[in-house]
Amino acid sequence: MRAARASRQASGLMVILAGAIGLVVVGIAINGSLAALGLTVPVLAASGLMVLSLKRRIPIWSMVPVAALAVGGLLLVFSGPLGNNLTVSEARVSPVSRYTSFTTTIEAAGDYFPFGSGIGSFKTIYPMYEEPSTLTTTYVNHTHSDYLELALETGLPGLLLIGAFLLWWAWRAVAVWRSEEEDHFARAATIASAAILAHSVVDYPLRTAAISAVFVFCCALMAETRPWVRQRDRDRAAEARHLTAD
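Everything quoted here is computed from the prediction, not taken from an experiment.

**Overview of the overall build of the protein chain**
Right, so step 1: Secondary structure summary: the protein chain contains 9 helices and 0 strands in total.
Right, so step 2: Each helix and strand of the protein chain, ordered N terminal to C terminal, gives the series α-α-α-α-α-α-α-α-α.
Right, so step 3: The 246 residues of the protein chain split such that 33% are buried.
Right, so step 4: Long-range pairs, those at least 24 residues apart, make up 69% of the contacts in the protein chain between residues at least 6 apart in sequence.
Right, so step 5: Here the protein chain has roughly 15400 Å² of accessible surface; of this, 68% comes from carbon and sulfur atoms.

**Some thoughts on the side chain of threonine 104**
Right, so step 1: Residue placement: threonine 104 occurs in helix H4 (residues 98-112).
Right, so step 2: Among the polar contacts made by the side chain of threonine 104, one reaches the main-chain carbonyl oxygen of threonine 100 at a distance of 2.7 Å.
Right, so step 3: Contacts of threonine 104, omitting those with residues within four sequence positions, involve Tyr126 and Tyr129.

**A word on a nonpolar patch on the surface**
Right, so step 1: Together, Met14, Leu17, Ile21, Val25 and Leu44 make up a nonpolar patch on the protein surface, roughly 370 Å² of accessible area in all.
Right, so step 2: When residues of the nonpolar patch are assigned to their parent elements, the largest contribution, 4 residues, is made by helix H1 (residues 2-31).
Right, so step 3: Mapping isoleucine 21 onto the fold places it in helix H1.

**Some points on the layout of surface pockets**
To find leftover empty space, a probe the size of one water molecule is rolled over the atoms.
Right, so step 1: Counted as a void, the second largest pocket has a volume near 610 Å³.
Right, so step 2: What lines the second largest pocket is a set of 25 residues, and nearest its centre among them are Met63, Val66, Ala67, Trp169 and Ala194.
Right, so step 3: Of all the secondary-structure elements, those providing two or more residues to the lining of the second largest pocket are helix H2 (34-52), helix H3 (63-79), helix H6 (146-178) and helix H7 (184-199).
Right, so step 4: Of the residues assigned to the lining of the second largest pocket, the class counts are 24 nonpolar, 1 polar and no charged.

**A closer look at H2**
Right, so step 1: The end-to-end C-alpha separation of H2 is 28 Å, in line with the 27 Å expected for 19 residues at 1.5 Å each.
Right, so step 2: The sharpest bend along H2 comes to roughly 35 degrees, located at threonine 40, with the proline proline 42 sitting one to four residues further on.
Right, so step 3: What H2 keeps buried is the set Leu34, Ala35, Gly38, Leu39, Thr40, Pro42, Ala46, Leu49 and Met50.

**What about the side chain of threonine 105?**
Right, so step 1: Take threonine 105: it is sitting in helix H4.
Right, so step 2: If near-sequence neighbours (up to four positions away) are discounted, threonine 105 is found in contact with Phe122, Tyr126, Thr143, Leu148, Glu149 and Leu152.

Reading guide: rules and limits
- Residues numbered from 1 in each chain as written.
- Predicted model: local features only at pLDDT ≥ 70, side-chain atom pairs only at ≥ 80, totals over all residues.
- Heavy atoms only, no water.
- Helix = DSSP H or I, 4+ residues; strand = E, 2+ residues; numbered from the N terminus.
- Buried < 20%, exposed > 50% of the residue type's maximum accessible area, 1.4 Å probe, protein only.
- Contact = heavy atoms within 4.5 Å.
- Areas by Shrake-Rupley, 256 points an atom, 1.4 Å probe, with all protein chains shown as cover.
- Polar contact = N/O pair within 3.5 Å; in protein donor to acceptor, adjacent residues only side chain to side chain.
- Patch = residues over 30% accessible without salt bridge, like charges linked within 9 Å, V, L, I, M, F, W, Y side chains within 5 Å.
- Salt bridge = Lys/Arg side-chain N within 4 Å of Asp/Glu carboxyl O.
- 1 Å grid on protein atoms, 1.4 Å probe; cavity = no way out; pocket = protein on both sides within 12 Å on 5 of 7 lines; lining within 4 Å.
- Points joined across faces, edges and corners; volume = space filled by probe spheres on them.
- Nonpolar A, V, L, I, M, F, W, Y, C, P; charged D, E, K, R; others polar.
- Expected span 1.5 Å × (residues − 1).
- Bend = angle between axes of the 7 residues up to and from the residue.

Below, the structure is given as structure tokens:
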């Protein structure tokens, strides 16, 4: 009876998971974000590893092909003829393309190095470096890269803090996936936060309140692993009795 119930629960969870994946894939296709398309395959692969780890231990090296898929996906999207506005030739003459915003921000960051222009100063500083002859009614309110904008505003101190955080994130991610006390919520948090960090290279998702809240929640889950206690283990613990004799 218990085995049949567990089988039904597992089947139900797989149906829900498949439906959720289908909904996400359709949403990404409708949105048309090239970065999201590039990250879909590695995120699905990492999620598949997490599901497999529910039943068996997986070697740490299995994350290497997932990382390779992430890098390969991004390189494919931003080096192929998919209409991106970073590497195509048209991007070099557009005042609002990623290529223009990246190169302009890098130039400004170099002038304000090493202390930066100040947090929140991007909208004031960036127009000073734009080419007046190419300006239109559309303006750039953020560089399409959280890292570059922070480099401009915070300079070397900000870059050092970003580097320290990335080292902490990598250390915690390895600890979460290698821990003998499995915490699948923390593993899911590493996948979600990795996708946001990768997306931040070519966009500014962390400047959206909803995404930044999710990212902070993921970091909190990664901060300390919690053991995964199965239901039957809870039942055994509840049935245990301890007797003492004087």
